[in-house]
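If you want the building blocks of each chain, they are given just below.
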Amino acid sequence: MAKIVGAITTSHVPAIGRAIAGNLQDDPYWKPFFEGFPPVHEWLEKVRPDVAVVVYNDHGLNFFLDKMPTFAVGAAPEYHNADEGWGIPTLPPYRGAPAFSWHIINELVEREFDLTTCQEMLVDHAFSLPLKLLWPNEARCPVATIPVCINTVQYPLPSATRCLKLGRALGEAIASWEEDLRVVIIGTGGLSHQLDGERAGFINKDFDLAFMESLIDNPEWVTQYSNAEIVEKTGTQGIELLMWVASRAALPGKVRKVHANYHIPISNTATGLLVMEPVEQV
Ligand code: DHB
Ligand code: FE
């Protein structure tokens, strides 16, 4: 049976792609951000995942305002990255795991999640950059991937409670897959940031740190807030933290914190990084 080895949740910002392309990892602006990752690389060496289920939000590359699914799951043999107009180099395609994807889709629909299924899917910086940060020295991402996309672009958005339930169902779906695969959940988005409007540049460190801490022992904490309240507390794009909620909820049982990093700002964004693993680890 498939086994979930843990979850990595992280922010995503297009400028990270430019920093990687320009080898700016030791630049004073970037160092505190990139320094968060070596402990995650060590953990990945230890837990050796075969598959990454990537919970992310598309920003208008694969889905646009004319057609916007609340939840979408990829079931393609391969996923291509595409430039989003920032001039950032695109990354090589990602290997899919279509049979596993269809199992997850079937199980989620069985659990009353009505999904969009994608047999072709372009993936944007929210998917590609975290994978590159996790496996920086590999020309191609070494694990198979399954994209799970949650709408944070076009209202109405799913609530934190709904995302928590999605994550739990996702965890059960993964654990019931017949192949002996080791699965890491990767959740990308947030933390507090607002890219435009009157509050452009808004960051809320206190809330971010409380949210990160809550995920370990009390992932329901954030469900006390409506999406409007989360936006008030974290900025318009801070709502991307819903990816962290779903990812955490996919982990079975109690979890422990393996590693955390928090740095302000990258671009206009508070960047967070958290690694969690189930306490009952083989
Ligand atoms: C930016 C874009 C994002 O998708 C994000 O989550 C944070 C920052 C940006 O354009 O700077
Ligand atoms: Fe984003």
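See the structure shown above.
The rules behind these values
Residues numbered from 1 in each chain as written. Chains lettered and ligands numbered in written order. Predicted model: local features only at pLDDT ≥ 70, side-chain atom pairs only at ≥ 80, totals over all residues. Heavy atoms only, no water. Near = heavy atom within 4 Å. Polar contact = N/O pair within 3.5 Å; in protein donor to acceptor, adjacent residues only side chain to side chain. Nonpolar A, V, L, I, M, F, W, Y, C, P; charged D, E, K, R; others polar. Donors = N, O, S within 2.8 Å, 3.2 Å for Na, K, Ca; no water. Tetrahedral: all angles 85-135°; square planar, octahedral: opposite > 155°, others 65-115°. Helix = DSSP H or I, 4+ residues; strand = E, 2+ residues; numbered from the N terminus. Patch = residues over 30% accessible without salt bridge, like charges linked within 9 Å, V, L, I, M, F, W, Y side chains within 5 Å. Areas by Shrake-Rupley, 256 points an atom, 1.4 Å probe, with all protein chains shown as cover. Salt bridge = Lys/Arg side-chain N within 4 Å of Asp/Glu carboxyl O. Pairing = 2+ DSSP bridges. Phe/Tyr/Trp six-rings, centres within 6.5 Å; stacked < 30°, edge-to-face > 60°. Buried < 20%, exposed > 50% of the residue type's maximum accessible area, 1.4 Å probe, protein only. Lys NZ or Arg CZ within 6 Å of the ring centre and 35° of its normal. Arc of directions from axis to C-beta. Contact = heavy atoms within 4.5 Å.

Chemist: Help me out: how do you make sense of the site of ligand 1 in this one?
Modeler: Taken together, His12, Val13, Pro14, His59, Trp86, His125, His193, Leu195, Glu240, Ser267 and Thr269 make up the full set of residues near ligand 1. One of the side-chain N or O atoms of His59 is found 2.7 Å from an oxygen atom in ligand 1. In the model, an oxygen atom of ligand 1 is placed 2.8 Å from a nitrogen or oxygen of the His125 side chain. Taken together, the residues of the shell around ligand 1 break down into 4 nonpolar, 6 polar and 1 charged.

Chemist: Any chance you could explain the coordination of the iron ion (ligand 2) here in plain terms?
Modeler: In an ideal octahedron of six donors the angles at the metal are 90 or 180 degrees, and in an ideal tetrahedron of four donors they are 109.5 degrees. Those donors, His12 (NE2), His59 (NE2), Glu240 (OE) and Glu240 (OE), are the protein atoms that reach the iron ion (ligand 2), and they lie 2.1 to 2.8 Å from it. Angles of 51 to 154° at the metal separate the 6 donor atoms of the iron ion (ligand 2), which places the site in the irregular class. The sequence pattern describing where the donors of the iron ion (ligand 2) fall on their chain is H-x46-H-x180-E. In this pair, His59 sits in the loop between β2 (51-56) and β3 (71-74) while Glu240 sits in the loop between α8 (227-234) and α9 (242-249), placing the two residues 181 residues apart along the sequence.

Chemist: In this structure, what is going on with a nonpolar patch on the surface? I would like to understand it.
Modeler: Residues Phe64, Leu65 and Val153 make up a contiguous nonpolar surface patch of about 270 Å² in total accessible area. By secondary structure assignment, the location of Phe64 is in the loop between β2 and β3.

Chemist: When you look at the sheet that holds strand β4 (residues 78-81) in this model, what are you seeing that I'm missing?
Modeler: As a general point, the strands of a sheet are linked pairwise by backbone hydrogen bonds and lie either parallel or antiparallel. If you walk across this open sheet you meet the 3 strands as β5-β4-β7, and the pairing is mixed. For this open sheet the edge positions go to β5 (94-95) and β7 (122-123), each flanked by a neighbour on one side alone. Across 2 bridges, the pairing between β4 and β5 is antiparallel. Paired with Glu78 across the two strands is Arg95, which belongs to β5.

Chemist: Could you clarify how one ought to interpret the packing of aromatic side chains in this entry?
Modeler: When we look at a pair of aromatic rings, we describe it by the centre distance and by the angle of the planes. Counted according to the given criterion, the structure contains 14 aromatic pairs. Summarising the aromatic geometry, the rings of Phe33 and Phe34 are spaced 5.2 Å apart at their centres and angled 80° between planes, so their arrangement reads as edge-to-face. Assigned by exposure class, Phe33 and Phe34 land together as buried. An aromatic cluster is present here, built from Tyr29, Trp30, Phe33, Phe34 and Phe37 joined pairwise through their rings. Against the face of Phe202 rests Arg199, its NZ or CZ located 4.1 Å from the ring centre.

Chemist: Teacher, can you tell me more about α8 here?
Modeler: Count 3.6 residues to each turn of an α-helix, and residues three or four apart come out pointing the same way. Every buried residue of α8 is accounted for by Asn227, Ile230, Val231 and Thr234. Considered in projection along α8, the buried side chains sweep an arc of 100° and stay on one side of the axis. Facing away from the buried side of α8 by more than 90 degrees, the exposed set consists of Ala228 and Glu232. As for α8, its buried residues are in contact with α6 (160-175), α7 (205-217) and α9. Residue Gly235 follows α8 closely and has a positive phi angle near 95°.

Chemist: Even after reading the chapter, I still don't get the pairing of strand β9 (residues 182-188), so can you show me in this structure?
Modeler: Moving residue by residue along a regular strand, the side chains alternate between the two faces of the sheet. For β9, the tally of buried residues reaches 7 of 7 residues, placing the bulk of the element in the interior. In β9, alternate side chains face the same way, and those of Arg182, Val184, Ile186 and Thr188 on one face and Val183, Ile185 and Gly187 on the other are all buried. Alignment of strand β1 (residues 3-10) against β9, held across 7 bridges, turns out to be parallel. Each bridged residue has a counterpart across the sheet, and for Ala7 the counterpart in β9 is Ile185. The pairing of β2 with β9 spans 5 bridges and is parallel. Bridge pairing in β9 places Val54 opposite Ile186.

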